[in-house]
Amino acid sequence: MASRPDSARNPPRQRRLPCVPAAPPRTARLALAITAAAALTATLTACEDEVVDNGADTSDSAGAGDSGSDDTAPEGSGDGEGNPVEQVCGTTDLTFTVSEESQAGGYLLVTAQANEGITCYLYGTYPVAAFGSAEDSHAFQIEQGASEDIQLSGDTVAYAGIQPKTTGDEHGAEYEQLIIGILDDPSDPVGLPLDAPVLVDEPGTTKWTADPALAVPTTY
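Read on for an overview of the structure.

Right, let's get into the pairing of strand β6 (residues 120-123). Inspection of the sheet shows strand β3 (residues 87-88) paired to β6 by two bridges, in the parallel sense. When the sheet's bridge partners are listed, Q87 is paired in β6 with C120. In this structure, β6 lies alongside strand β9 (residues 149-152), joined through four bridges in antiparallel fashion. Of the residues in β9, the one forming a bridge with C120 is L152.

Glancing now at the environment of I150. The topology assignment puts I150 in strand β9. Under the relative-accessibility criterion, I150 is labelled buried at 4%. If near-sequence neighbours (up to four positions away) are discounted, I150 is found in contact with C120, Y121, L122, A158, W208, T209 and A210.

Ranked by size, the top nonpolar core spans 30 residues in total, and within it L94, F96, L122, F131, L152, L178 and W208 carry the most contacts. Looking at this core, the elements that each hand over two or more residues are β4 (94-101), β5 (107-114), β6, β9, β10 (157-163), β11 (173-182) and β12 (185-200). Among the nonpolar cores identified, the runner-up in size contains seven residues, and A104, Y107, L109 and Y159 belong to it.

Looking now at the side chain of Q163. Relative to the helices and strands, Q163 resides in strand β10. At 2.9 Å, the side chain of Q163 and the backbone oxygen of A104 are in polar contact.

Moving on: the sheet that holds β3. Taken in spatial order, the three strands line up as β3-β6-β9 in an open sheet, and their pairing is mixed. The open sheet terminates on both sides in strands that have one partner only, identified here as β3 and β9.

Parameters and conventions
Residues numbered from 1 in each chain as written. Predicted model: local features only at pLDDT ≥ 70, side-chain atom pairs only at ≥ 80, totals over all residues. Heavy atoms only, no water. Pairing = 2+ DSSP bridges. Helix = DSSP H or I, 4+ residues; strand = E, 2+ residues; numbered from the N terminus. Buried < 20%, exposed > 50% of the residue type's maximum accessible area, 1.4 Å probe, protein only. Contact = heavy atoms within 4.5 Å. Core = buried A, V, L, I, M, F, W, Y, C linked by side-chain atoms within 4.5 Å. Polar contact = N/O pair within 3.5 Å; in protein donor to acceptor, adjacent residues only side chain to side chain.

Shown next as structure tokens:
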């Protein structure tokens, strides 16, 4: 029997830009945080130019009292004398960075730090992470480590690890940016440019953690 040509055995990698039609619904493995993912998809289909640029100053995010989620911390965090109650972190409360790391077969380390004058909490959550508007570019939640409640203020940093490819083959699509949002506030995602295109296939994300060593994704 004649062997298949190399092109049939090893189809070429595809290059996909963030502004693309949504793919058909995925299997249960990618059906994480369904409500948040749906909101993120709806936002991203408006195209890359509508994603908030990291570090951009907007009228709603410049002040500590007007940005992010209106949810509050547990009872007792306010003093009853008119001082602000510390809040759950919203996307616009934070400044994000991303760096490429070599552990675990290569992953992206995302940091989140509260903007000046803001104190807020990440309560044992995952980031909402995607590389584009297509459903198959959305990261599923990697079940590892204990959940943490992290208070972000000043120099305190939270970390999450994004593994772009969790499959063992050469298939996937290349992307040039990572899009991050907060699970409780996925409506204002932030686009983080990558130093080089990454191959993406069934990406996964860890929880937010205060220890960067715990943000190394489990390998697959």
